[in-house]
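This is what each chain is made of:
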Amino acid sequence: MITISAITGISAGVVGACAYFAPQVLRVRDERALRQRCARSRSLVLSYDDGPGAELTPRLLDVLAGESARATFFLLGVRVAKNPELVDRIVEGGHEVGCHSQQHLNAWTTWPWKAVADIDAGYRTLSRWIFDDALFRPAYGKLSFATWLVVRRRGAAIGWWTIDSGDTHSVEPSPQQAIDQLKRDGGGVVLLHDFDRSPKRAAFVLQTTELLLRTAKREGLMVRRLGDVFADSGRCVAASRPPGTGVAR
Ligand SMILES: [Zn+2]
């Protein structure tokens, strides 16, 4: 016999599962739309998460400047607090800055209020450089209903990616894998990371960036910031504050 408590338990489980999986369904839809948008506009977006890294980010900025390419950086509050001058350099280079939370908490394994507070703290740390509705990329790519709602309330767009370079995989793939997918898709948003790890990982990020830029030139793709691609659809995405205009809060 099914008891009331069993039904209540099942209902709570279903509601709980929906709270975590519903935003993932939206993610699949948004990623598909982003892939199509990049292909239509022949765009390559280079996106870097979890930085800035004291060693890697300056080297990366030099590579990008050498090719007059602009990228999108999803910065982590705790690393921004350690290297604020690197955020100045990123913004001065014409790159776009988005929020990637303060401490990189996983919304699926953290209490909802803690995950929400982590996102708000990330935006507060970055408030000298970005507006309150700047692009957001969830840590680990994980959103719960609570974190999805708080990002939506800000009016911030979620900056997914369409091509994973594999630079955080336990076994690094060849950089060629990202190149092949970029060519196959006719454009895309590539996920890379610019926090400091081993010299081997740093070399992979720099080499993959150079190869992607070379491929874009050969294939006639435009290298753009993610906000510029969103702007194609009429969606207004808050740009990074111009250098020196931010108000610390
Ligand atoms: Zn991350």
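Conventions adopted
Per-chain numbering applies: the sequence of each chain, read as written, is numbered from 1 onward. Given that the model is predicted, a residue must reach a pLDDT of at least 70 before its local features are reported, and side-chain atom pairs must reach 80 or more before they are shown or counted; all residues, however, enter totals for whole chains, interfaces and linings. Excluding hydrogens and water, the side-chain figures rest on all heavy atoms present in the structure. Coordination shells were defined by N, O and S atoms within 2.8 Å of each metal, extended to 3.2 Å for Na, K and Ca; water is absent from the atom set, which can make sites look incomplete. Strands here mean DSSP runs of E at least two residues long; helices mean DSSP runs of H or I at least four residues long; both are numbered from the N terminus. A simple rule labels every residue: compare its accessible area, found with a 1.4 Å probe on the protein chains alone, to the largest value its type can have, and call it buried under 20%, exposed over 50%, or partly exposed in between. Residue-level confidence of the predictor, termed pLDDT, takes values from 0 up to 100. The criterion used for residue contact is that any of the two residues' heavy atoms lie within 4.5 Å. Note on method: axes are straight lines fitted to C-alpha atoms, helices fitted across the in-contact stretch only, with angles between N-to-C directions ranging 0 to 180 degrees. Note that the term roughly parallel is reserved for angles under 35 degrees, roughly antiparallel for angles over 145, roughly perpendicular for angles of 65 to 115, and oblique for everything else. Lys, Arg, Asp and Glu make up the charged group, whereas Ala, Val, Leu, Ile, Met, Phe, Trp, Tyr, Cys and Pro make up the nonpolar group; the residues left over, Gly among them, are polar.

For the zinc ion, every protein donor is listed as Asp50 (OD), His100 (NE2) and His104 (NE2), and the spread of their distances is 2.1 Å. Each donor residue of the zinc ion lies on the same chain, and together they follow the pattern D-x49-H-x3-H. On the criterion of sequence distance, the pair formed by aspartate 50 in the loop between β1 (43-49) and α2 (56-66) and histidine 104 in the loop between β3 (96-99) and α5 (112-125) is long-range, its members being 54 residues apart. The class of aspartate 50 is buried, set by a relative accessible area of 8%.

Turning next to the confidence of the model for the protein chain. The predicted coordinates should not be examined in detail at positions where pLDDT is low. Of the residues in the protein chain, 86% reach a pLDDT of 70 or more, and the chain-wide mean stands at 90. Within the model, the stretch residues 244-249 combines pLDDT values under 50 with 9 contacts to residues more than four positions away or in other chains.

On to the packing of α2 against helix α4 (residues 84-92), then. One way to put it is that α2 packs onto α4 with a least axis distance of 11 Å and a crossing angle of 10°. With respect to their mutual orientation, α2 and α4 come out roughly parallel. Together, Thr57, Pro58, Leu61 and Asp62 of α2 and Leu86, Arg89 and Ile90 of α4 make up the contact between the two elements. The class makeup of the residues in the contact of α2 with α4 is 4 nonpolar, 1 polar and 2 charged.

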